[in-house]
Amino acid sequence: MNRKKKKNKENIIIAVLVSLIVIIASMTAVTLIKNKKNAEKVSTASSSSASSSSAESISESESSSKAESTSEKISVENNVTTATATEKKSEVKRSESGRIIVDVDSVPWNLIVVSMEREIPEGYDPETREILDTGYELDARVTPYYEKMYRAGKKDGVTLTPFSGHRSYERQRINYNNLTETYMARYGLDREAAAKKAASVILPPGTSEHNIGLAMDICNTYDSFADSAEYAWLMKNAYKYGFILRYPKEKEAVTGIVYEPWHWRFVGVEYAKKIKDSGLCLEEYLDSVGIRY
C-alpha cells in the first residue's frame with residue numbers, strides 16, 4: 001500500500017516536471033518567434049531608412065545638379081546680357097565734342113537723325129542733284145520727290161521756291177567757324193562761349209539736316225511763313241511726296257530746335273504719312289516703333 005502511494009507520488013512529480021518543461025519550451029519558442037519578428041521589423045525599418053536616405057541622397061544630388069545647372073544657365077545668360085550690353089556700348093562712337101557719331105551704314109538713309117547730340121561722320125557727303133535748275137541741291141534720291149511736289153504746288157497756285165538745301169560738311173564748318181569768330185570779336189567772348197552762341201544760329205558741322213541732303217528750307221526763313229499759302233499747302237500735301245515738318249510747335253524739348261515752319265524734311269512717302277497721322281515728331285515716332293536711328 002505504501003509502495004503504491006509512493007509510486008503515485010513519483011508519477012505526479014514526473015507529470016509536473018514534464019508540464020514545466022513543456023511550458024518552458026513553449027515560452028522559449030514564443031520568445032524566439034517574437035525576437036525574430038522584432039529583428040525582421042528592425043531590418044525592414046533599417047532597409048526603409050537606408051532606402052529613404054538613399055532616395056533623399058539621390059534627390060539632393062539631383063537638386064544640387066539642377067541648382068548647379070540653373071546657376072550655370074543664369075551665369076551664361078548674364079554673360080550674354082553683359083556681352084550684348086558691352087557690344088552695344090562699344091558700338092556708340094563719340095566725336096571730340098562728345099556727340100554720338102551716327103553709324104550711317106546701319107541706319108536707313110532716309111531716317112538718319114542729327115542734332116546737337118548726334119552728328120554724321122566728318123566727310124559724309126551724299127551724292128546730290130540740282131532741283132529744277134535753281135542752283136539748290138538735295139540728296140540725288142530726294143530731288144525727284146521735291147520736283148514732283150514743286151510741280152503739284154504750282155498746279156494749285158503756290159510756288160515752293162527752294163531757299164536752302166544741301167550744305168556740305170565743310171561748308172557748314174566754315175559758316176559755323178566764321179560766325180564764332182564774329183561773336184568773339186563783336187562781344188569779346190572766348191571761343192567756347194562764342195561757339196555756343198553761334199550754335200543757336202548755325203548748327204555745328206555734321207549736326208544739321210542740310211548736311212545730309214534731306215532737308216529744304218522753303219521760300220524763306222521767317223516765322224511769318226506759317227501764315228503763307230505755301231505753308232498751308234505743305235501742311236496738307238507734303239506727306240504725299242515724303243516730306244514732314246521737321247521742327248513743329250511744342251516739340252522743342254524733343255528735337256532741340258525751335259519751331260521752324262520753313263524747314264521740311266524727307267523721310268519717304270510711307271513714313272511721312274505715318275508720322276503725320278501719329279501727330280509725333282520724327283524722334284518720337286522712331287522711338288515708338290523701335291526703329292534705330
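It should be emphasised that the depicted structure is a prediction, and the values quoted were computed from it without experimental measurement.

**Student:** Would you mind going over the overall build of the protein with me for this structure?
**Tutor:** Secondary structure assignment for the protein yields eight helices and nine strands. The buried share of the protein, taken over its 293 residues, is 33%. Within the protein, contacts between residues separated by at least 24 positions form 61% of all contacts whose residues are at least 6 apart in sequence. Carbon and sulfur atoms make up 53% of the accessible area of the protein, which totals about 18,500 Å².

**Student:** For this particular structure, what's the right way to read the sheet that holds strand 3 (residues 118–119)?
**Tutor:** Paired through their backbone hydrogen bonds, the strands of a sheet run either parallel or antiparallel. Ordered by their spatial adjacency, three strands build an open sheet running 1-2-3, and the pairing between neighbours is mixed. The open sheet has two edge strands with one neighbour each: strand 1 (93–94) and strand 3. One ladder, built from two bridges, connects strand 1 with strand 2 (residues 100–101); its direction is antiparallel. Each residue of the ladder has a partner; that of K93, found in strand 2, is I101.

**Student:** Before we go on, may I ask you to explain the layout of surface pockets in this structure?
**Tutor:** Empty pockets left among the atoms are what a rolling probe the size of a water molecule brings to light. As a volume, the largest pocket reaches approximately 480 Å³. Around the largest pocket, the lining is made up of 23 residues, and of these S200, V201, I202, L203 and E260 lie nearest the centre. Among the secondary structure elements, those contributing two or more residues to the lining of the largest pocket are strand 6 (162–164) and helix 3 (169–187). Considered class by class, the residues forming the lining of the largest pocket number ten nonpolar, nine polar and four charged. Residue lining of the second largest pocket: 15 residues in total, with S97, R99, E119, Y169 and P205 positioned closest to the centre. Sorting elements by how many residues they give to the lining of the second largest pocket places helix 3 first, with four residues. Broken down by class, the residue content of the lining of the second largest pocket amounts to seven nonpolar, three polar and five charged.

**Student:** Honestly, the side chain of Q172 in this entry has me stumped. Any pointers?
**Tutor:** On the secondary structure map, Q172 appears in helix 3. In this structure the side chain of Q172 is engaged in a polar contact, spanning 3.0 Å, whose partner is the side chain of R167. The contacts of Q172, once residues within four sequence positions are left out, are R167, I202, L203, P204, P205, S208 and N211.

Conventions adopted
- Residues numbered from 1 in each chain as written.
- Predicted model: local features only at pLDDT ≥ 70, side-chain atom pairs only at ≥ 80, totals over all residues.
- Heavy atoms only, no water.
- Helix = DSSP H or I, 4+ residues; strand = E, 2+ residues; numbered from the N terminus.
- Buried < 20%, exposed > 50% of the residue type's maximum accessible area, 1.4 Å probe, protein only.
- Contact = heavy atoms within 4.5 Å.
- Areas by Shrake-Rupley, 256 points an atom, 1.4 Å probe, with all protein chains shown as cover.
- Pairing = 2+ DSSP bridges.
- 1 Å grid on protein atoms, 1.4 Å probe; cavity = no way out; pocket = protein on both sides within 12 Å on 5 of 7 lines; lining within 4 Å.
- Points joined across faces, edges and corners; volume = space filled by probe spheres on them.
- Nonpolar A, V, L, I, M, F, W, Y, C, P; charged D, E, K, R; others polar.
- Polar contact = N/O pair within 3.5 Å; in protein donor to acceptor, adjacent residues only side chain to side chain.

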